[in-house]
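Fold and geometry: a report
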Amino acid sequence: MPRYLSALLFLAMLASPAIAQQGHPLVGTWQGYWGTDDNNRNFLTLILNWDGQKLSGLINPGPGSTELGSMNMDSSNWSVSLETDLTDDDGMQVHINAQGKLDNVGSMNRTMTGTWQSASDSGSFTLERQGGP
Amino acid sequence: MRYMLVRTIVRISRIAVLCGFVEPALAHHPVQAKFDDSRQLELEGQITAIDWSSPHAHIYINVPQDGGTPVNWAIELADPTELEWSGWQPDTLAPGATIRVSGYEARNGSHQIWAEKVLGPDNTEMFMVPDDLIQQKLANRPSGPTPRWPDGQPRLGPAPGQTGYWTAPGKNSLVEDGVNVAFDKHGMLENINDSSKVAPFQDWAHDLYALRQLNDGKDDPLFLYCIPPGGPRQFQVPYGVQFVEERNRDRIFVLMSGGNGNWRLVYTDGREDVTQVSGNDDNPLFYGRSSALWEGDSLVVNTTGFNEGFWFSNGGLPHTRLLELTEKFNRTDLNTLRYEVTVNDPGAYTRPWTSSWDLQWMPGEELPESYCQDNRQ
Amino acid sequence: MIKKHLNRSRLTTALGLMLLLTTIEPLQAQQRPGFLEDDRPAPRNEEGRVSLGPAPGGAGYWARRTGNLVVNPDSYEARATLNSPIHIDDVPLKDWARTLTNFRHDLYLASEPYTRCKPAGGPRQIMSPYGFEIVDMPDLDRVYIITTSNAMTWRVIFMDGREHPENLRPSYFGHSIGHWEGDTLVVDTVGFNEKSWFSRDGLPTTTALHLTERYSRPNFSTLIYDVTIDDPGAYDAPWDSGFVLGWNEGEELFEYVCQENNVSPDAMIGDGRISSIAP
C-alpha cells in the first residue's frame, strides 16, 4: 500500500466513532491486515471477548469464519500472543503463532501490531480497535 | 519499576506547579484532560465577552500581537454557581477591561487557558473561589433528624416546603473500605505505588488503572467526550445529585447536575430485573437497570446491565459488562447520606469489594443546571 | 401587555383541538392520529384535577407524533407539520431572524445543536419521539419534565408562587414558574441562553425569549401544547403556536445517551460549526 494511502487510512480511523469500550483493552472488534509483505496482505477482522478468566474470539465473521485458537495478554508490558488457524485470501488453511504488542492502550484508537510465523512463512500484522462496544 | 520514568516526569511537573503557582482552587474535574499543567502561560488583554455558563465560566480576551491582529483567548474559570457563592458576577467586569491571567495552556494547542490566577485592572485577584468554599457553605447548616414520610420511611429528598441536594462526596475515588491511600480531588493517587492497594484488581485491570493514573486522567471519556458518569461515579461528581421520590409510582429519579445533567431511574418495588429501561443483555446501559427495596432505613439498590463505555469511578478503575452493583443509601440525619457500594465484577476483580462515603446536604440551594457538553470547545 | 397575550393563549387553548382537527381533517382523514379519538377521559388526581401522568397503577409517557412549531413547505421536514396551525410566513420574524432561518433551511438544518447532543429548551424539549414525562410533585411544589432524549435530562418548574429571580444566568431550559388554571398547567419561562434551537424549524431566539406554555389534556391519550413566544430580540410581535402529543400507554422512559452512538465526536463537541460536518 502506498504510504500516503496508509496515512489516509489512519486519518479515517482517527475520525471513527468516539465511544470505545473502557473495560478489558482487547475486547471488541479489531480490523487490519496480515501478510508476508506489503504486496501480499490479507484483510483481517478479529472479534475478541473476555469472560473474566480467558480470552476468546472469532476471526473474519461470516461464511468461513474461524474460532480463535488461544490468546493471552501480559498487561505488565501489554504484549499479546496467540495461536490459531487462519484462512488466507486464497482459501488456504494456515496454522500460525503470533506475538504482538498493544499501543495507545488508554485511548480509543488503540492498535495491536506484531509478527506471525507459520510452518512455511512469516510476516507482520497490524490491527486497530474499531468503534462500538 | 517500569513506572519510574513517567512517575518522575509527573513529579517534576507537579513540583513546577507547586513552586510557581498555587493549585487552582476547586478545579472541578481533571483539567489535565484538557489542559497541560506543564505548559504555563501568562496573558494580558482586553475582555471581549463573558460566558457565564456551567460547568465552567469563560472570559474571552483579545491579546495584542506584535505587529499583527490580536488573538482571542478563552479563559476557563470555575463553575458559575461557585463563582457566585464566592462573590463574583458575570458583570463584575465589563468588556473592554484589561486583565492579566496565568494558567495552563490547552493540550490541543487552541487558544484556551485554564486560569489559575486572574488579576483585574487594579491588580487585585479576581474570579477565584476559595479551596474550602463548599466547607464554608456547609459550615452553619441547621442540624436535625432524618426527615421522614408519614409512614416513617426516610426521605432521600427535601422535606415539604424545603429544597436542597446532595454534594461534597467524602471520597474522590472508589477505594476498598479499610484501605488507607491518598487521592487528590480528581481521584488521582498521591503515590502511584499505592495503585494495587485500591481494590482487588485482576492483573490486567490493575495495569490499566495504573496506566490511566500515569496518564493523569487524560483518557477520561467523561471529560473528553462527555460520556455519562454511570455507577458510583454519579455520587462523586462535584455538582451534586437530587432524589425525586415518586412513591405512588414506586420509583425514584436520581437527578444529576454533573456530567450531562442526566437522570437515572430506580424502581423501588423490587420488580423483576428485566427490560425495565429498554436494557437487556444486548443493550447494556451507562446507568444500568436498577431495582430496589427498602430494608429498614436503607434503600438497597441492585443494578446490572452496564456497558463498558464509561469510567465508573474518578481515576479510572476499570469494569466489565459483568459488573453488578449493590448500593445502600442511608440518610443518617438531616445532613448526611451514607452511600455504600459493593462492586461485584468477576471480569475485572478477584472478589466482591465495598467502598463507602458520605454525601452532604446543601440546604436551600437548587441543583444547578450544568452540561458537560456545554464547555467542550 | 402580558395579560393580553395570556388571553390570546387561552383562546388558542380553547380552540386548540378544533384548530387541529380542521387542520388535519382536510388533509387526509386516515392520517388523523387515533389518540385524538380516544373517548376515555383524562385521569384525575386526588384533588380532582386532571393528571398529566398515568392513571393510578399505570405507566406511560408523552411523545411527539408529527407536530412542528410552524408549517414550512420549504423545509425538508415539511411533511411533519400536520398539527401546526402557524405558517412560517405569518411568524413575525425580524429580518435578520428570517435570513438566518432561511440560511439554516438551505443547509437542511445541518447545523442543529441538538444533533450535537446539546439540550434544547422550550417546545424543543418535548418534541422528541422518544418521549417525556410530566412528573407532578405537589408536596415539593414542583413539576419536573423529564425527557428520554434531548440529552436525557430534566427541567424543573417551580409551583410555589415564587417570581423569576433577577440576574438570571442564561441556561438551556431557562427559569420556569408555573401554576394551574383549572385543568391546564401554565408555565412562564425566561432566562434562556442562545446555544440551542427551540424548535425543529431552525427558528432563532435570543436571551430576551419569554415563553408562556399551556399543557392541557382533553382526553386520556392527548396532550395539547400551546405556547406564546415573546422574543423582542428575534420577532416583531409575540406569536402563538402549539402542537399535540400522544400518550404511549404502559411504557417507561428509557436510557438514551446521545453521545453513545454519535459518530462525529468532533462535530458533537464545541460549537458545532457547519464546516465540521457534511450537510
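Residues numbered from 1 in each chain as written. Chains lettered and ligands numbered in written order. Predicted model: local features only at pLDDT ≥ 70, side-chain atom pairs only at ≥ 80, totals over all residues. Heavy atoms only, no water.

Quick look at the overall build of chain A now. When helices and strands are counted, chain A shows one helix and nine strands. Secondary structure elements of chain A, listed N to C terminal, follow the sequence α-β-β-β-β-β-β-β-β-β. Buried residues in chain A amount to 44% of all 133 residues. When contacts within chain A are restricted to residue pairs at least 6 apart in sequence, those whose partners lie at least 24 apart make up 37%. Roughly 6700 Å² of accessible area belongs to chain A as shown, and the carbon and sulfur atoms make up 52% of that amount. (Helix = DSSP H or I, 4+ residues; strand = E, 2+ residues; numbered from the N terminus. Buried < 20%, exposed > 50% of the residue type's maximum accessible area, 1.4 Å probe, protein only. Contact = heavy atoms within 4.5 Å. Areas by Shrake-Rupley, 256 points an atom, 1.4 Å probe, with all protein chains shown as cover.)

Right, let's get into the overall build of chain B. Within chain B one finds five helices and 15 strands. Classification of the 377 residues of chain B by burial places 61% in the buried group. For chain B, the proportion of contacts with a sequence separation of at least 24, taken over those separated by at least 6, is 61%. Here chain B displays about 13900 Å² of accessible surface, and carbon together with sulfur accounts for 50% of that area.

Moving on, we get to the pattern of salt bridges. Between side chains of opposite charge, a pair can form as their charged atoms come close. Tallied over the entire structure, the rule returns 33 salt bridges over all chains. The residue Arg251 of chain B makes a salt bridge to Glu133 of chain C at a minimum N-O spacing of 2.6 Å. Separated into two different chains, Arg251 of chain B in strand β9 (residues 251–256) and Glu133 of chain C in strand β2 (residues 132–137) make up a pair that spans both. The exposure classification of Arg251 of chain B matches that of Glu133 of chain C, with both residues buried. Arg49 of chain C serves as the salt-bridge partner of Asp136 of chain C, at 3.1 Å between the closest nitrogen and oxygen. On the criterion of sequence distance, the pair formed by Asp136 of chain C in strand β2 and Arg49 of chain C in the loop between α1 (2–24) and β1 (60–64) is long-range, its members being 87 residues apart. (Salt bridge = Lys/Arg side-chain N within 4 Å of Asp/Glu carboxyl O.)

The subject of this paragraph is the packing of aromatic side chains. Going through the model one piece at a time under the given rule, you end up with 25 aromatic pairs over all chains. By way of ring pairs, the aromatic residues Phe235, Phe243, Phe329, Tyr339 and Trp357 of chain B are connected into one cluster. Directly above the ring of Trp180 of chain C sits Arg49 of chain C, whose terminal nitrogen or CZ lies 3.9 Å from the centroid. (Phe/Tyr/Trp six-rings, centres within 6.5 Å; stacked < 30°, edge-to-face > 60°. Lys NZ or Arg CZ within 6 Å of the ring centre and 35° of its normal.)

All right, on to helix α2 (residues 95–106) of chain C then. Given a rise of 1.5 Å per residue, twelve residues ought to cover 16 Å, and the 16 Å separating the end C-alpha atoms of α2 of chain C matches this to within 8%. Tyr108 of chain C lies just past α2 of chain C and shows a positive phi near 55°. (Expected span 1.5 Å × (residues − 1).)

What follows covers the interface of chain B and chain C. You'll often see interface size given as the accessible area lost when the parts meet. Each partner contributes to the interface: chain B provides 53 residues, whereas chain C provides 41 residues. Across the chain B to chain C interface the summed buried area is about 3600 Å²; carbon plus sulfur atoms make up 52%. Here chain B and chain C share nine salt bridges between them. At the boundary of chain B with chain C, the tally comes to 22 residue pairs in polar contact (both at pLDDT 80 or more). Elements supplying a minimum of two residues to the side of chain B that touches chain C: α2 (80–85), α5 (221–225), β8 (241–246), β9 and β10 (263–267) of chain B. Grouping the amino acids of the side of chain B that touches chain C by side-chain chemistry returns 26 nonpolar, 15 polar and twelve charged. (Buried area = accessible area lost by both parts, 1.4 Å probe. Polar contact = N/O pair within 3.5 Å; in protein donor to acceptor, adjacent residues only side chain to side chain. Nonpolar A, V, L, I, M, F, W, Y, C, P; charged D, E, K, R; others polar.)

So, on to helix α4 (residues 203–214) of chain B. Residues and elements named next belong to chain B. Taking 1.5 Å per residue as the helical rise, α4 with its twelve residues ought to reach 16 Å, and the 16 Å between its terminal C-alpha atoms agrees with that figure. Judged by how many residues are buried, α4 sits mostly within the fold: ten of twelve residues are covered. Within the sequence span of α4, burial applies to Trp204, Ala205, His206, Asp207, Leu208, Tyr209, Ala210, Arg212, Gln213 and Leu214. Downstream of α4 by a residue or two, Asp216 has a phi angle that is positive, lying close to 60°.

Below, the discussion takes up the pairing of β1 of chain C. All names here are of chain C. Among the five residues of β1, five are classified as buried, and the element is accordingly described as predominantly covered. The side-chain alternation of β1 yields two buried faces, one formed by Gly60, Trp62 and Arg64 and the other by Tyr61 and Ala63. Bridge count for β1 against strand β9 (residues 239–249) is five bridges, and the pairing is antiparallel. The residue bridging Trp62 from the neighbouring strand is Trp247, located in β9. (Pairing = 2+ DSSP bridges.)

A few words on the sheet that holds strand β4 (residues 66–67) of chain A. Residues and elements named next belong to chain A. Spatially, the nine strands line up as an open sheet ordered β4-β3-β2-β1-β9-β8-β7-β6-β5, and their pairing is antiparallel. Both edges of this open sheet fall to β4 and β5 (70–74), since each of them pairs with a single strand only. Note that strand β6 (residues 79–87) and strand β7 (residues 93–103) share nine bridges and pair antiparallel. Residue pairing across strands places Asp85 opposite His95, the latter belonging to β7.

Turning next to the confidence of the model for chain B. The pLDDT averaged across chain B works out to 86; a share of 88% of its residues lies at or above 70. Scored below 50 in pLDDT, residues 1–29 of chain B makes 56 contacts in the model with residues more than four places away or belonging to other chains. (pLDDT = per-residue confidence, 0-100.)

All right, on to the confidence of the model for chain A then. As a note on interpretation, predicted positions should not be read in detail where pLDDT is low. The share of residues in chain A with pLDDT of 70 or more is 84%, and the mean pLDDT across the chain is 84. Under a pLDDT of 50 for its full length, residues 1–18 of chain A has, in the predicted model, 19 contacts with residues more than four places off or in other chains.

Residues and elements named next belong to chain C. Structurally, Asp236 is set in the loop between β8 (222–230) and β9. Among the residues examined, Asp236 registers a relative accessible area of 55% and is labelled exposed. Separated by 141 residues in the primary sequence, Asp236 and Asp95 place their C-alpha atoms 9.4 Å from one another. If we ignore the near neighbours within four places in the chain, the residues touching Asp236 are Pro92, Leu93 and Lys94. Of the polar contacts made by the side chain of Asp236, one reaches the side chain of Lys94; its length is 3.1 Å.

What follows covers the pairing of β8 of chain C. Residue and element names in this part refer to chain C. Judged by how many residues are buried, β8 sits mostly within the fold: eight of nine residues are covered. Bridging between strand β7 (residues 210–219) and β8 involves eight bridges; their strand directions are antiparallel. Note that in β8 the partner of Thr212 across the bridge is Thr228. Hairpin connection between β7 and β8: a loop of two residues separates the two successive antiparallel strands.

This part is about the nonpolar core. With 101 residues, the main nonpolar core has Leu26 and Met112 of chain A together with Val198, Phe243 and Leu317 of chain B as its most contacted residues. Look past the residues within four positions of Val198 of chain B in its chain and what remains in contact with it is Leu174, Val175, Glu176, Val181, Phe183, Leu189, Tyr209 and Leu317 of chain B. Core analysis: the next-biggest nonpolar cluster, separate from the first, contains 37 residues, Trp62, Leu93, Ile145 and Ile157 of chain C among them. (Core = buried A, V, L, I, M, F, W, Y, C linked by side-chain atoms within 4.5 Å.)

Residues and elements named next belong to chain B. As for its position among the elements, Phe235 is in the loop between α5 and β8. Using a relative accessible area of 1% as the deciding quantity, one classes Phe235 as buried. C-alpha of Phe235 to C-alpha of Asp358: the two residues are 123 residues apart in sequence and 9.5 Å apart in space. With sequence-adjacent residues up to four places away left out, Phe235 is seen in contact with Pro169, Val241, Phe243, Val254, Arg264, Glu327, Phe329, Tyr339, Trp357 and Leu359.

What follows deals with the side chain of Ser298 of chain B. Residues and elements named next belong to chain B. The topology assignment puts Ser298 in strand β12 (residues 298–304). Among the polar contacts made by the side chain of Ser298, one reaches the side chain of Asn330 at a distance of 3.1 Å. The residues touching Ser298, leaving out its near neighbours within four places in the chain, are Leu293, Phe329 and Asn330.

What follows is about unusual backbone geometry. Trans is the prevailing form of peptide bonds, just as negative phi is the prevailing case for residues other than glycine. A positive phi angle, near 55°, is found at Asp250 of chain B, a position not held by glycine. Mapped onto the elements, Asp250 of chain B comes out in the loop between β8 and β9. The phi angle at Met152 of chain C is positive, at roughly 50°, despite the residue not being glycine. Following the sequence through the fold, Met152 of chain C ends up in the loop between β3 (142–147) and β4 (154–158). The class for Met152 of chain C is buried, based on a relative accessible area of 2%.

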